[in-house]
Amino acid sequence: MIYYVLPNVFFNFIIAYASFNELGYTHFFAGTQCLARLTLPMAIFLPVVLTIDIIKRVTDASEQGAIEFMVDEKLNIKKLMTKLSILHGIITGLLVLCFLLLGQLSLSKYHKLDALEMAILVGVLAGLLSVLFTYLPIRKLRTHLYKPVTVINSEISNH
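Keep in mind that what you see is a predicted model, and the values were worked out from it rather than measured.

The next subject is the overall build of the chain. For the chain, the helix and strand inventory stands at four helices and two strands. Each helix and strand of the chain, placed in order from N terminus to C terminus, yields the pattern α-α-β-α-α-β. If you take every contact in the chain between residues at least 6 apart in sequence, the share linking residues at least 24 apart comes to 82%. Total accessible area on the chain is roughly 10600 Å²; 67% of this is exposed by carbon and sulfur atoms.

Here it is in C-alpha cells:
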C-alpha cells in the first residue's frame, strides 16, 4: 500500500502545485487553474488505474503461486476488472464533484483559495484514494479466492 500512497501523494501534490501558475490563489471552477481541473481527472482515473492494477497483480501472483490463494476459474477477470474500475471511477468522480459543488455553493463565487493549501489537499486526496482503491479491489476479489486443498494419497497396509 505504501508503494501506491507515497508516490501518488508526492506526484499529485507536485502536479497540482506546478499547475497553479498564479500561486496566490485559485477557484473551485472558474479560470484556467481551477481546483476542479486537477481533482476531477485524478478522482476518476486514479481509481480506475489502481483497481485494474491491483486485480491484475493479485491474479498474476495467484497464477504464479506467489500467494497461497487461487482465483476461481469461473470468474471472468476482465469483466470484473472493467466493471469494477468503471464503477470506482464514476462514483469517486461524482463524489469529488459533489464536494467541489458544495464548496462552491457554501463560499462566495469570488472566494479565492490558497494554491499551496489546495495542492496539499489534492495530494492528500490522492493518498486517500490510493489506500481506498488498493483495499476495495482486494476485498471484492477475496470473494472469488480459495485456498487449494492438497490431497495426500497414502497406502494403508494391513499387517
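And the narrative resumes.
In this structure, Ala115 sits in helix α4 (residues 115-142). Judged by its relative accessible area of 0%, Ala115 is buried. Distance in space between the C-alpha atoms of Ala115 and Gln33 is 9.4 Å, their sequence separation being 82 residues.

Enumeration according to the criterion identifies two salt bridges in this entry. Between Arg57 and Asp53 there is a salt bridge whose closest N-O contact spans 3.0 Å. With a gap of four residues between them, Arg57 and Asp53 both fall in helix α2 (residues 35-64), about one helical turn apart. Judged by relative accessible area, which is 42%, Arg57 ranks as partly exposed. On the basis of relative accessibility, which here comes to 24%, the residue Asp53 falls in the partly exposed class. The salt bridge partner of Lys56 is Asp60, with a shortest N-O separation of 3.5 Å. One end of the pair is Lys56 and the other is Asp60, both in helix α2 and four residues apart, which spans about a single turn. Note on Lys56: relative accessible area 43%, which makes it partly exposed. Taking relative accessible area as the criterion, Asp60 reaches 27% and is therefore assigned partly exposed.

Together, Leu87, Ile91, Leu95, Phe99 and Leu102 give the surface a local cluster of nonpolar side chains, amounting to about 510 Å² of exposed area. In this structure, Leu87 sits in helix α3 (residues 77-106).

The rules we used
- Residues numbered from 1 in each chain as written.
- Predicted model: local features only at pLDDT ≥ 70, side-chain atom pairs only at ≥ 80, totals over all residues.
- Heavy atoms only, no water.
- Helix = DSSP H or I, 4+ residues; strand = E, 2+ residues; numbered from the N terminus.
- Contact = heavy atoms within 4.5 Å.
- Areas by Shrake-Rupley, 256 points an atom, 1.4 Å probe, with all protein chains shown as cover.
- Buried < 20%, exposed > 50% of the residue type's maximum accessible area, 1.4 Å probe, protein only.
- Salt bridge = Lys/Arg side-chain N within 4 Å of Asp/Glu carboxyl O.
- Patch = residues over 30% accessible without salt bridge, like charges linked within 9 Å, V, L, I, M, F, W, Y side chains within 5 Å.

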